[in-house]
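Descriptive structure summary
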Amino acid sequence: MAGGILRIIFTSDDLARVRVASRADPMWEMVASLHRFQAGDGGAVIAGWRRRARARLAEAGLLRDVRRLLVPLAPRAAYFPDFLTPIEAQQGTDDGIQAILDTPRTRVQRELDRLRAGHGLPAHLEDLARDTRAMRQVANVAAGYVRVALGEHWPAVERTVSQDRGTRVRHLAEGGVEAMLSGLGPVMRWRAPVLEVDYPAGDRELRLRGRGLTLIPSYFCRTAPVTLADQSLPPVLVYPVPRKDVPERVNEGDALAELLGRTRAEVLRCVALAPGCSTTELARRAGVPASSASEHARVLRQAGLIASIRHANLMLHQVTESGDGLLRGSG
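This is a predicted model, so every value here is computed, not measured.

Cut-off values and rules
- Residues numbered from 1 in each chain as written.
- Predicted model: local features only at pLDDT ≥ 70, side-chain atom pairs only at ≥ 80, totals over all residues.
- Heavy atoms only, no water.
- Helix = DSSP H or I, 4+ residues; strand = E, 2+ residues; numbered from the N terminus.
- Expected span 1.5 Å × (residues − 1).
- Buried < 20%, exposed > 50% of the residue type's maximum accessible area, 1.4 Å probe, protein only.
- Patch = residues over 30% accessible without salt bridge, like charges linked within 9 Å, V, L, I, M, F, W, Y side chains within 5 Å.
- Areas by Shrake-Rupley, 256 points an atom, 1.4 Å probe, with all protein chains shown as cover.
- Salt bridge = Lys/Arg side-chain N within 4 Å of Asp/Glu carboxyl O.
- Lys, Arg positive; Asp, Glu negative; His and termini not counted.
- Charge placed at Lys NZ, Arg CZ, Asp CG, Glu CD.
- Phe/Tyr/Trp six-rings, centres within 6.5 Å; stacked < 30°, edge-to-face > 60°.
- Contact = heavy atoms within 4.5 Å.
- Pairing = 2+ DSSP bridges.
- Axes fitted to C-alpha atoms, helices over the stretch in contact; angles between N-to-C directions.
- Parallel < 35°, antiparallel > 145°, perpendicular 65-115°, else oblique.
- Nonpolar A, V, L, I, M, F, W, Y, C, P; charged D, E, K, R; others polar.

**Brief notes about helix 11 (residues 262-273)**
Across its 12 residues, helix 11 extends 16 Å between first and last C-alpha, which sits within 8% of the 16 Å expected from 1.5 Å per residue. Judged by how many residues are buried, helix 11 sits mostly within the fold: 9 of 12 residues are covered. Taken together, the buried positions of helix 11 are occupied by A265, E266, V267, L268, R269, C270, V271, A272 and L273.

**Points about helix 8 (residues 154-175)**
If you check helix 8, its first and last C-alpha atoms are 31 Å apart, about what 22 residues at 1.5 Å a residue would give, namely 32 Å. G176 sits one or two residues past helix 8 and shows a positive phi near 85°.

**Here's the deal with a negative patch on the surface**
Taken together, E88, D94, D95 and D102 make up a surface patch of like negative charges. Assignment of secondary structure puts D102 in helix 5 (residues 93-102).

**A few points about the packing of aromatic side chains**
How two aromatic rings sit relative to each other is set out by the distance from centre to centre and by the angle between their planes. Across all of its chains, the model carries 5 aromatic pairs by this definition. Considering the side-chain rings of F10 and W190, the 5.2 Å spacing of their centres and the 90° angle between planes classify their relative orientation as edge-to-face. Taken together, the residues F10 in the loop between strand 1 (5-9) and helix 1 (12-15) and W190 in strand 3 (residues 188-191) connect sequence positions 180 residues apart. Comparing F10 with W190 shows no difference in burial state: the two are buried. Measuring from ring centre to ring centre gives 4.7 Å for W49 and F220, while their planes differ by 55°; the resulting arrangement is tilted. Within this pair, whereas W49 is found in helix 3 (residues 43-59), its partner F220 is found in the loop between strand 6 (213-218) and strand 7 (236-240), the two being separated by 171 residues in sequence.

**Some remarks on the pattern of salt bridges**
Between side chains of opposite charge, a pair can form when the charged atoms approach closely. Counted according to the given criterion, the structure contains 20 salt bridges. Where E152 meets R56, a salt bridge forms, and the shortest distance between an N and an O atom there is 3.1 Å. On the criterion of sequence distance, the pair formed by E152 in the loop between helix 7 (132-150) and helix 8 and R56 in helix 3 is long-range, its members being 96 residues apart. Residue E152 is classed as exposed on the basis of its relative accessible area of 54%. Of the charged contacts, one joins R116 and E126 as a salt bridge, the two residues approaching to 2.6 Å between their closest N and O atoms. Highlighted residues: R116 in helix 6 (residues 105-118) and E126 in the loop between helix 6 and helix 7, separated in sequence by 10 residues. Overall, the relative accessible area of 30% leaves R116 in the partly exposed class. Connected through shared salt-bridge partners, R189, R191, E196 and D198 make up one network.

**Considering unusual backbone geometry**
A cis amide bond links G185 with the next residue in sequence, P186, at an omega value of 10°. By the element assignment, P186 lies in the loop between helix 9 (177-182) and strand 3. The omega angle of the peptide bond from A192 to P193 is 5°, so this bond is cis rather than trans. Tracing the sequence through the fold places P193 in the loop between strand 3 and strand 4 (194-198). The phi dihedral of R209 falls on the positive side, at around 55°, and the residue is not glycine. Checked against the element boundaries, R209 lands in the loop between strand 5 (204-207) and strand 6. On the accessibility criterion, R209 (64% relative accessible area) is exposed.

**What to know about the environment of V194**
Structurally, V194 is set in strand 4. Overall, the relative accessible area of 8% leaves V194 in the buried class. For V194, the contacting residues outside a window of four places in its chain are R7, I8, I9 and R189.

**Brief notes about the pairing of strand 3**
If a strand is regular, its side chains alternate between the two faces of the sheet. Alternating residues of strand 3 divide into M188 and W190, all buried, and R189 and R191, none buried. Sheet topology places strand 3 next to strand 4; 4 bridges connect them, and they run antiparallel. Within strand 4, the position partnered with M188 by the bridge is V197. Hairpin connection of strand 3 to strand 4: 2 residues between the antiparallel strands.

**Here's the deal with the packing of helix 2 (residues 26-39) against helix 7**
Two numbers describe a pair of packed helices, the interaxial angle and the distance between the axes. One can describe the packing of helix 2 onto helix 7 by two numbers: an axis separation of 10 Å at closest approach and a directional angle of 70°. The pairing of helix 2 with helix 7 is recorded here as roughly perpendicular in orientation. Touching P26, M27, E29, M30, S33, L34 and F37 of helix 2 are A142, Y145, V146 and L150, all from helix 7. Residue composition of the contact of helix 2 with helix 7, by class: 9 nonpolar, 1 polar and 1 charged.

Written out as structure tokens, the structure reads:
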């Protein structure tokens, strides 16, 4: 694929309608992880996931259908059908699968024609737009793939996406939406009113025209950001985020618990897992009263392990470099 630039052109209305996805998107993670299968890239963590996922898919009897149905529909190429990644998947896997099934058949055919022209399409998928049972089978295999191949790894996916979302929220609180867009680098550059994105699929221009933009941080997207091919669909930008290892939980015997106390160590871990969380959310995650969460956050802030900023009537918390290093060192 030749390199290029995606130019996303904003109006003032668009800047007011930029949002960051509230959770990891299962359909985008499905497609991106299928690309990691095909490319064999992603480093040691992804290699370990790939081995385990392949074994689990084989054990579940899904591996053949994944190779036969999903991989040809989601090639690691300049184009794959947009109907595989509906915006409804932001509400969860079931909503995403239903949206795939509800895609108008004329649109499915149009997107398959484009896939065939650009990359090829196996004969057994030629009638997908007209065969309801075949479309149901694709949807069932997609749901099974998300459950089996991604399920065990999903907590790590959610943690990574949550960490990035927290960073975006902090930038938004500190400097507004343009500061948030400016912080998306290094392959994305905000040059008002245009967000320039390094784009392997070639040069493109996306005019938002007042519809806004949904930013979707992705765990399995590893190479470059990606957007939908059909500009009439709700605009999204999916981009790779760095992975960080954060302990799953704090146990009584952990060195971190002995250093800070178990509850305070748990509060620090919760801030790391949900950067940008409010004190109320922090209390819920840590399982302590709001007053206790506020006090623990104050002590952690004084120790330089977290940073807190006020946004409207909320106090938002973010782990610092020192706190992150302490957590990872205790994992």
